[in-house]
There are 4 protein chains.
Amino acid sequence: MIVVMNHNASKEQVQSVLKRLDKEGFQVHISEGESRTIIGVIGQNTKEILPKLAIQALPGVEKVVPILQPFKLAGREMKPDDSVFQVGNIVIGANDVQVAAGPCAVESREQILEAAWAAKQSGANILRGGAYKPRTSPYSFQGLEEEGLKLLAEAKEETGLAIITEATDTSNLKIVAEYADIVQIGARNMQNFHLLKEAGKLNKPIMLKRGGNATIEEWLLAAEYIMSSGNNQVILCERGIRTFEVATRNTFDLSCIPLLKHLTHLPVFADPSHGTGNWKLVPAMARAAVAAGADGLMVEIHPCPSEALSDGPQSLTPENFSIMMEDIKKIANVLGRSVGNSSD
Amino acid sequence: MIVVMNHNASKEQVQSVLKRLDKEGFQVHISEGESRTIIGVIGQNTKEILPKLAIQALPGVEKVVPILQPFKLAGREMKPDDSVFQVGNIVIGANDVQVAAGPCAVESREQILEAAWAAKQSGANILRGGAYKPRTSPYSFQGLEEEGLKLLAEAKEETGLAIITEATDTSNLKIVAEYADIVQIGARNMQNFHLLKEAGKLNKPIMLKRGGNATIEEWLLAAEYIMSSGNNQVILCERGIRTFEVATRNTFDLSCIPLLKHLTHLPVFADPSHGTGNWKLVPAMARAAVAAGADGLMVEIHPCPSEALSDGPQSLTPENFSIMMEDIKKIANVLGRSVGNSSD
Amino acid sequence: MIVVMNHNASKEQVQSVLKRLDKEGFQVHISEGESRTIIGVIGQNTKEILPKLAIQALPGVEKVVPILQPFKLAGREMKPDDSVFQVGNIVIGANDVQVAAGPCAVESREQILEAAWAAKQSGANILRGGAYKPRTSPYSFQGLEEEGLKLLAEAKEETGLAIITEATDTSNLKIVAEYADIVQIGARNMQNFHLLKEAGKLNKPIMLKRGGNATIEEWLLAAEYIMSSGNNQVILCERGIRTFEVATRNTFDLSCIPLLKHLTHLPVFADPSHGTGNWKLVPAMARAAVAAGADGLMVEIHPCPSEALSDGPQSLTPENFSIMMEDIKKIANVLGRSVGNSSD
Amino acid sequence: MIVVMNHNASKEQVQSVLKRLDKEGFQVHISEGESRTIIGVIGQNTKEILPKLAIQALPGVEKVVPILQPFKLAGREMKPDDSVFQVGNIVIGANDVQVAAGPCAVESREQILEAAWAAKQSGANILRGGAYKPRTSPYSFQGLEEEGLKLLAEAKEETGLAIITEATDTSNLKIVAEYADIVQIGARNMQNFHLLKEAGKLNKPIMLKRGGNATIEEWLLAAEYIMSSGNNQVILCERGIRTFEVATRNTFDLSCIPLLKHLTHLPVFADPSHGTGNWKLVPAMARAAVAAGADGLMVEIHPCPSEALSDGPQSLTPENFSIMMEDIKKIANVLGRSVGNSSD
């Protein structure tokens, strides 16, 4: 890190900063410029985070600029090769673009089975569906809970699709992990550090959705929580960030895909349904996500969107999903990739 | 709510929307304008939330505009008078502006006692200090946990200050509630709905900090989760929202104070330490918050900010805190209020 | 629009609103719900904007909700077919995806000619280059002004490329329009209403870049300024909005492309160079923009990015641009489109 | 500035950066850390801005971190004492808090005179009122233009108030400056660099409103444009920034007041009318702004807000303005200041 002193910092103030850094075990390089003193601090990565902010509180310090990236296990520097995970007979993070499709929430046996078959027929390999639902209002549908998990298991049995579903608290993580092939941690829980640590004790891939106000650095640090607890199988999923623009539910930040490919070895998915909140925009943004280099997609489909208990307006009908899948297969081909089981 | 049809919606599409609304038990008013049909929907408040989005998915619907506020128990319409809570011998939400002061995290017996006495001497009635700390990086100090709670209890015993400290998960809520006079739910957990529901089963005031990307409506809906689970003692605390401006840690949204006073009967606090992230700005913004009508303040103080294990740069020294308290007492007087025990 | 009264609004207050609306020539529908009165207002579109806010200031009014889109000429309702413009032998807004490439600023004869040939060889039809540069700091390079325009003219003469360059004020609009085939209005000037009105008097296509904090509605209203002054040839260009995310220069809002295709008949371009600020991300986001349905791209290229006087870090080398163009031709083909002169 | 190399940058890449810096005339300090090389760059302030970004485009460079503040004339480092300007018999930037009040737009002789007398009677020294109005929609009222300026002159003649009014383009700056005692540059024009440079040639105070998406650094660089053109009389005015929160028109960033007091010697005003967009919130936020240390306020008042042609909902009635003024006089007194002519 770099410590920038005030232009009128006294010699004593500079000495006091140097003393403190020495006490913490850091080496320093001092640059005395025309207008101020700048102190370069060299030391161990893991300790750097600790004193950064405190030093900013010392008299005469103008600002402290961190230099190194604070995530280690998630960073590409430590592991240059892409991480690849096997989920049943599906491979994530390799050449195939994987698609998870299904309803926002599991609502009934009929609904989830119909959605599962529609997903499978168009080439998706993974069924999504929430059993535990985080909802903004206490008066909204909160999910079928364990009953929902059982219906997902039935759909898996029937169709052979892998299951992704969300754990919303440390209290339901265990049961969710019993049923799920991939455990989802939702956007609102991206910085639920207890949940992250417990997810780090599982031996299953975790899909970590980006928080609606999370920077990419914070997102990778959330992945670091899971990884530093022992689980390296983290899939990142962009689903839009909150901005001033209200014409879409979120602002779908697709630039994060190529950027993450530079910063991390972890696979990156994109969720155009939450990213836009509007089914009319989903096919175009699904194409864009694959063109930008996404390793997979999460898409909401519903047999009858206008009857959905949640997220109806952003759900595709099976017909529109089928058309979308045809398009993204062609886009994937341009990049030398294929989509899910499209090669079977 | 209002359903706005597309300008070229067919009669069948309008009929289909009317049928669906009828099925859900709503009454409607139809306005056929020059350019499109608009359907006014009248019905019970609690059911309104449910079908809002789904109707948006019906063919021919351009948009659905909600009219009524979705929070009920938290709203001033249902309860016009200010909510007032008693915490020991402290009254919150009435004429006295209450100040909670203390370190970000409990670090040691000496540190917390020193901070507690400094808080008390300047007129604060409540001691803050985190035992369970949500930290962005897994490599940062995570708190002393139960040991920290015991130190807070000791500080309470010695000084007579009430204790506010944070529960970060359903797994530590119970023990935190044993030690705390006011249980804090932090910004990152504002939409941790499991935690909110469990907090709603306590018989203690809950301080609900605003999420860094939470709208005021979402914040009041989070309060509604606590209240609809049985606990009406919710204190709201503004602590800054995330915006594009990086010169401050957050953007401290003080306008929410007078706005909340219109919308809700709940007491409103403000936390200028997190709101700005910079101790040099804290006294000015503490004055501003009281001038804007805050019922209380949360302020970080530390015996030695540059040695703090977290949030050093935004912590006031006891001396600066004392000066700040003198100023806010005068500002409170202008509004016909007093500060904490300043009248003793 | 819809006028929502307070839950405790008096009958006199409702009457006063009705009287005012009647005075302005509007028809009304009154819905008296259980908890409040809601007034639907029907009338001419162009007048709607005027009294909207003022009515909100009447006693007893809780809020005013606009229903109709405030842009008329730019909206697809009035003109369902796509607008198509001819620029020399180039067609914009039709099946061909057009690419404008070139340096941020014209710096020298050698630089602009080298860039122009590189653009042309890879299949771009339009040369971009700023002669008048809006720069955040007064100490940054401000452009070659008229000398830069002459160099663009020379590059056009040599290569046959069409020219797009920016007018930054009413004082240089005329001379820019003499040299440019397409006049650019930059993001910072999107709400420079004098410039918009004057651009509306030209008989040339105007490329209107989205302001960094402009909503899509405001952007279309800016287009409306140009169109209502007489010039219907407006090209919209997304170039990123400002959000909390600082890992990229802007947040590139590609979802606006399919959304604009619903709202307006105007052609939509995308600028991945400003959208990301990082040349490493440009090829991926160029592919994504075409996949999302963009009618064209604006891309910064520079013979030697590290010597550029502005925007070096977001400029592609000619080699990387050439690779990018090969990819987007394939993506365009998937959508049944071709790229610029790629068919020659 | 600091140049951070990639962890796997080659020696040749480091040498190439050093060569380029040497060519630009900079001195360097090299720190070879365990994981990467960091280059500290020392040199003249004004040149620093130029090559910053270009160096980021060199191979092997991870990022470039600027250290020094890019504004010079506006910075407190160069001029530690507060700037104080005399406008007629009013002093701005000294002990008195000055209040500018009046309607958003001049609408008629009667309206502006009534507003002017109301402003004066409550203790305001400056009359605000727009003659040239930047409006989001081309169909909204655009101002009375020169006729409006003449009405302001008449109001000045009658009441003795100083006049502040907005120039919206280089084409009307001259005539505005003839009538105005303080020339306002509005939020949308904060980065209209032509207008800033021309305003820099005037010998009159310029009130520079903060752009709705401007960082504090960009705002001070906009002031630098005016100052580097020769006019040091710049007043900054905070009026809210655009964020995701839609419950208020803007998010009123009062923390910028104490922060600006550290960074710059220029006087700082605040505009709670635009900052909130809601007259009910204006008195509380006016109090808060003064408590935070504002040198002045801009407040919209209107004899009849519900008849206003613009900004009615954020305009105070003369009665409410009068109550607000009584409160802020008391708040100013707490800080040892007085309000405008309140001492006469």
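Notes on the structure follow. From a predicted model like this one, the values you see are computed outputs, not experimental measurements.

Basis of the calculations
- Residues numbered from 1 in each chain as written.
- Chains lettered and ligands numbered in written order.
- Predicted model: local features only at pLDDT ≥ 70, side-chain atom pairs only at ≥ 80, totals over all residues.
- Heavy atoms only, no water.
- Helix = DSSP H or I, 4+ residues; strand = E, 2+ residues; numbered from the N terminus.
- Buried < 20%, exposed > 50% of the residue type's maximum accessible area, 1.4 Å probe, protein only.
- Contact = heavy atoms within 4.5 Å.
- Areas by Shrake-Rupley, 256 points an atom, 1.4 Å probe, with all protein chains shown as cover.
- Lys, Arg positive; Asp, Glu negative; His and termini not counted.
- Charge placed at Lys NZ, Arg CZ, Asp CG, Glu CD.
- Pairing = 2+ DSSP bridges.
- Axes fitted to C-alpha atoms, helices over the stretch in contact; angles between N-to-C directions.
- Least-squares fit on C-alpha atoms with pLDDT ≥ 70 in both.
- Salt bridge = Lys/Arg side-chain N within 4 Å of Asp/Glu carboxyl O.

Concerning the overall build of chain A
- The secondary structure content of chain A amounts to 11 helices and 15 strands.
- By the burial criterion, 65% of the 344 residues in chain A qualify as buried.
- Relative to all contacts within chain A whose residues are 6 or more apart in sequence, the contacts with residues 24 or more apart total 68%.
- Carbon and sulfur atoms make up 47% of the accessible area of chain A, which amounts to about 11,400 Å² in all.
- For chain A, the separation between the mean place of its 34 positive charges and that of its 40 negative charges on side chains is 5 Å.

Some words on the sheet that holds strand E1 (residues 2-5) of chain A
Residue and element names in this part refer to chain A.
- Read across the open sheet, the 4 strands follow the order E2-E3-E1-E4; overall the sheet is antiparallel. Unpaired on one side and paired on the other, strand E2 (27-32) and strand E4 (61-65) mark the two borders of the sheet. Averaged over all pairs of adjacent strands, the angle between their axes in this sheet comes to 20°, without regard to strand direction.
- Pairing between E2 and strand E3 (residues 37-42): 6 bridges, direction antiparallel. Of the residues in E3, the one forming a bridge with Ser-31 is Ile-38.
- Contacts from helix H1 (residues 11-23) reach E1, E2, E3 and E4 within the one sheet, and its direction differs from that of E3 by about 0°.

A short note on the relation of the copies chain B and chain D
- Rotating chain B by 180° and translating it 0.0 Å along the rotation axis places it on chain D, where the RMSD comes to 0.0 Å. Here the transformation between the copies is reduced to the relation of a two-fold axis. Among all C-alpha atoms of chain B, that of Ala-288 of chain B lies closest to the rotation axis, at 2.0 Å.
- Of the residues that chain B buries at the interface, 100% are likewise interface residues in chain D, meaning the two copies contact each other through the same surface.

With respect to the pattern of salt bridges
- For the coordinates displayed, the defined rule picks out 73 salt bridges over all chains.
- Close ionic contact of Arg-249 of chain A with Asp-311 of chain A constitutes a salt bridge, the shortest N to O distance being 3.0 Å. A residue pair is termed long-range when its members are at least 10 positions apart, and Arg-249 of chain A in the loop between strand E12 (234-238) and helix H8 (256-263) and Asp-311 of chain A in the loop between strand E14 (296-300) and helix H11 (318-334) qualify at 62 residues.
- Given the relative accessible area of 43%, Arg-249 of chain A is considered partly exposed.
- Looking at Asp-311 of chain A, the relative accessible area reads 8%, which means it is buried.
- Salt bridges sharing common partners tie together Arg-210, Glu-238 and Asp-253 of chain A together with Glu-245 of chain C.

Comments concerning the relation of the copies chain A and chain B
- With an RMSD of 0.1 Å, the fit of chain A onto chain B corresponds to turning through 180° and sliding 0.0 Å along the axis.
- Here 96% of the contact residues of chain A are again contact residues in chain B; the copies associate through an equivalent surface.

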